[in-house]
Structure formats: structure tokens, C-alpha cells
Amino acid sequence: MRHTCTLLLCSLVCVAAAAIPPATLRSWPLPGSGGSIRLRSSEQRFDRSREVTGDSVWAGTMCLLQWLSEPQNRGLFEGKSVLELGSGTGIIGLSLARMGARRVVLTDLEQQLPLLRSNIAFNEDDHAGCLVSAAALPWGERPTGALARERFDLILGCEVTYIDALLEPLACTTAALLLDPPDASPSPPPVALFAAARHRAFASVPDHAHTFVHDLLEARHGLHSRLVGSVERPAEVVGADFFAGAQEAERDMPVSFFRVSSQRDEVYAGFGGGAV
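A quick note: this is a predicted structure, and the numbers were derived from the prediction, not measured. (Residues numbered from 1 in each chain as written. Predicted model: local features only at pLDDT ≥ 70, side-chain atom pairs only at ≥ 80, totals over all residues. Heavy atoms only, no water.)

Asks: So, the nonpolar core: which residues are in play, and what are the values?
Replies: L64, L96, L193 and F257 are the most contacted members of the largest nonpolar core, which has 39 residues in total. Leaving out residues up to four positions away in the same chain, F257 has contacts with C63, L64, W67, L193, F194, A195, R226, L227, V228, G229, S230 and V231. Membership of the second largest hydrophobic core comes to 30 residues, among which are V105, L170, A175 and A196. (Core = buried A, V, L, I, M, F, W, Y, C linked by side-chain atoms within 4.5 Å. Buried < 20%, exposed > 50% of the residue type's maximum accessible area, 1.4 Å probe, protein only. Contact = heavy atoms within 4.5 Å.)

Next up, the structure:
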């Protein structure tokens, strides 16, 4: 199955890549700091005519960064080791490196690594002492090599639940990271945070997110999840210009944040200091 999943991921990237404009270097605002992240990314940020691809920055990404930058949520990543699934351009991980993470690993398919590594290089002077790297991690596979020997405090995934065929392999990799960390140290168990937005271009996204979190991570893998936050009107966070070309209703599709862990009723300072 692992080879089938990898081939499916590769084919989706290749088909979408034929229809996207070349990536260009631009700056993106860093929430809560007044600074910015320099990225090579596509100018085509919202287009209902093509597949969502890893070269774009999406509204859900900016909403998640805004949410993470809030004081009551920063404990999730400050001084922590973070692994991002389906990093795309790397904007989330690179932003967390600037915002206080101790270690960040951006993961995606092998063919996405040159873009990720170039974006790491564009921002290497601003990592604030955080060690940032990129590694291949196809969904459906367990981490291998050095990646398998490293323990992560936070697993992140943003806008990664929009393709039905990839939900099961994504759940398998997520479960491996949460249920089988490389050591049994007394530190808190790793926690995952997923962000999912509903776009009219992908009307089934809410069902996909529910399937991924509840039917796969919970029912099949025995993990525990909770809705921990949402942004009801993304246009108020990212600005109306972000949605150029979109219909009015598409500008306010809510973005939801799900926390997933191997244990129930844990207390994390990053979630307002309460049990989540």
C-alpha cells in the first residue's frame, strides 16, 4: 500500500503542476510581529479551476498562524520540536521558527524538497537559533532514518484533508508519529494540530476532515481529538485581496482547528492552560 500511496501523491502533484504558474519570490506577513517571511510561491492563491498544490499559500494557513500567534496558544510551539506534514512552501514551519520554536522539520514529497530548501535558505538569517530542515515523508509510511530517531512535541497539518484517497495514508503516518515516539521520556506525549477550511471548490472538505479525525484517527487508531478553535471569517484575518477572483461566499468559509493526541484529558498551557 505504501508504494501505491506514494505513486498517487506523485501523480496528483504532477497533474496539478502542469497547470500552475511558476513560483515567484514574495514576502508574507508574520502574525503578531510586524516582520515577514520570504517565500518562493505561486501568485495563484485561489483558483477553482485547478488542484490545490504545494506551491501555494492558502487562507487556512494564514488563519492557523494567526491563531498560533495568540498568547494563549504559543506554548504549543515555543521551545518545542515541530514536524509539519505536507509543508508545501514551508510558511508555517518557517514562521514558527521565527516565533520561538526550538526545532522545525518541514516534510513533503521528495519533489517538493527543492522548493522547501530554497525557502529555508531565504530565511536562514532569521531562524532565531531554531534548527530548520526539510525531509521527505510520503503519507502512508512511517518515518525512517534520522527522522525516525527524533522526538517531536507538535505535529502540524494545514489544509491537508481535501483529497479523500489520501486520508487513510495521512492517518497512518499521523498515528505512527503520535503512538510510537522514539523514546519513552517523561515529557508530555506529542500532540497534533490540524487545520481544515471549507472551500466551495472542494465542497466535501468538512466531511473529509470529519472522516480523517473521527473515523480514522479516533475510531481506527484509538487517538483522541477535540475541536480547539476556529476562524469564522477568514477574510477578516487575511484580507479581501487574498481572495481575488473568488465568489463572495467563498471568502468566509470557516477554518477549524483540531487537536489530536494519544491521551485524553491532557493539560496543555498552549490551549489556554485548561484540559483539552
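After presenting the structure, the write-up continues.
Asks: Can you tell me about the packing of aromatic side chains, naming the residues and giving the values?
Replies: A full pass over the atoms with the stated rule returns two aromatic pairs. Ring centres 5.0 Å apart and planes at 35 degrees place the aromatic pair W67 and F257 in the tilted group. Pair noted here: W67 is in helix α2 (residues 59-69) and F257 is in strand β9 (residues 255-261), with a separation of 190 residues, a long-range link. Residue W67 is classed as buried on the basis of its relative accessible area of 7%. Residue F257 is classed as buried on the basis of its relative accessible area, which comes to 0%. With centroids separated by 4.9 Å and ring planes inclined at 80 degrees, the aromatic side chains of F194 and F212 adopt a geometry described as edge-to-face. Of this pair, F194 sits in strand β7 (residues 191-197) while F212 sits in helix α7 (residues 205-218), and the two are 18 residues apart along the sequence. (Phe/Tyr/Trp six-rings, centres within 6.5 Å; stacked < 30°, edge-to-face > 60°. Helix = DSSP H or I, 4+ residues; strand = E, 2+ residues; numbered from the N terminus.)

Asks: Which residues make up the environment of R226, and what values do they have?
Replies: Looking at the secondary structure, you find R226 in strand β8 (residues 224-231). Owing to a relative accessible area of 39%, R226 belongs among the partly exposed residues under this scheme. Residues R226 and S261, spaced 35 residues apart in sequence, show a C-alpha to C-alpha distance of 9.2 Å.

Asks: Tell me about the pairing of strand β6 (residues 154-158), and name the residues and values.
Replies: Along β6, five of the five residues are buried, which leaves the element largely enclosed by surrounding structure. Side chains L154, L156 and C158 of β6 all project onto a buried face; the interleaved residues I155 and G157 project onto the opposite face, where all are buried too. Strand direction decides the pairing type here: strand β3 (residues 81-85) and β6, joined by four bridges, are parallel. Bridge pairing links V82 to L154 in β6. In terms of strand pairing, β6 meets β7 through five bridges, oriented parallel. The partner of G157 across the bridge, within β7, is F194. (Pairing = 2+ DSSP bridges.)

Asks: Break down the side chain of T61 for me, citing the residues and quoting the values.
Replies: Tracing the chain through its elements places T61 in helix α2. Residues in contact with T61, not counting those within four places in the same chain, are I91, I92, C158 and E159.

Asks: How would you summarise the sheet that holds β9 if you had to cite specific residues and measurements?
Replies: The strand order across the open sheet built from seven strands is β5-β4-β3-β6-β7-β9-β8, with neighbouring strands paired in mixed fashion. Two strands lie at the open edges of the sheet, namely β5 (131-136) and β8, each paired on one side alone. Ignoring which end each strand starts from, the neighbouring axes of this sheet average 20 degrees apart. Where β8 meets β9, seven bridges bridge the pair, whose relative direction is antiparallel. (Axes fitted to C-alpha atoms, helices over the stretch in contact; angles between N-to-C directions.)

Asks: Could you give an account of the environment of P188, with specific residues and numbers?
Replies: Inspection of the secondary structure puts P188 in the loop between α6 (167-179) and β7. Residue P188 is classed as exposed on the basis of its relative accessible area of 54%. Taking C-alpha positions, P188 is 7.9 Å from D153, a pair spaced 35 residues apart along the chain.

Asks: Can you tell me about helix α4 (residues 113-122), naming the residues and giving the values?
Replies: Inspection of α4 places L113, L115, L116, N119 and I120 among the buried residues, and these make up the whole buried set. Taken end-on, α4 shows its buried residues confined to a sector of 160 degrees, consistent with a single buried face. Contact partners of the buried residues in α4: β2 (36-41), α3 (91-99), β4 (103-108) and β5. (Arc of directions from axis to C-beta.)

Asks: Mind laying out the confidence of the model for the protein, listing which residues take part and the relevant values?
Replies: In this model, the protein carries an average pLDDT of 79, and 72% of its residues clear a pLDDT of 70 or more. Across residues 44-50, confidence stays below pLDDT 50; counting only partners more than four residues off in sequence or on other chains, it has 31 contacts. Scored below 50 in pLDDT, residues 267-276 shows 33 contacts in the model against residues more than four places distant or in partner chains. (pLDDT = per-residue confidence, 0-100.)

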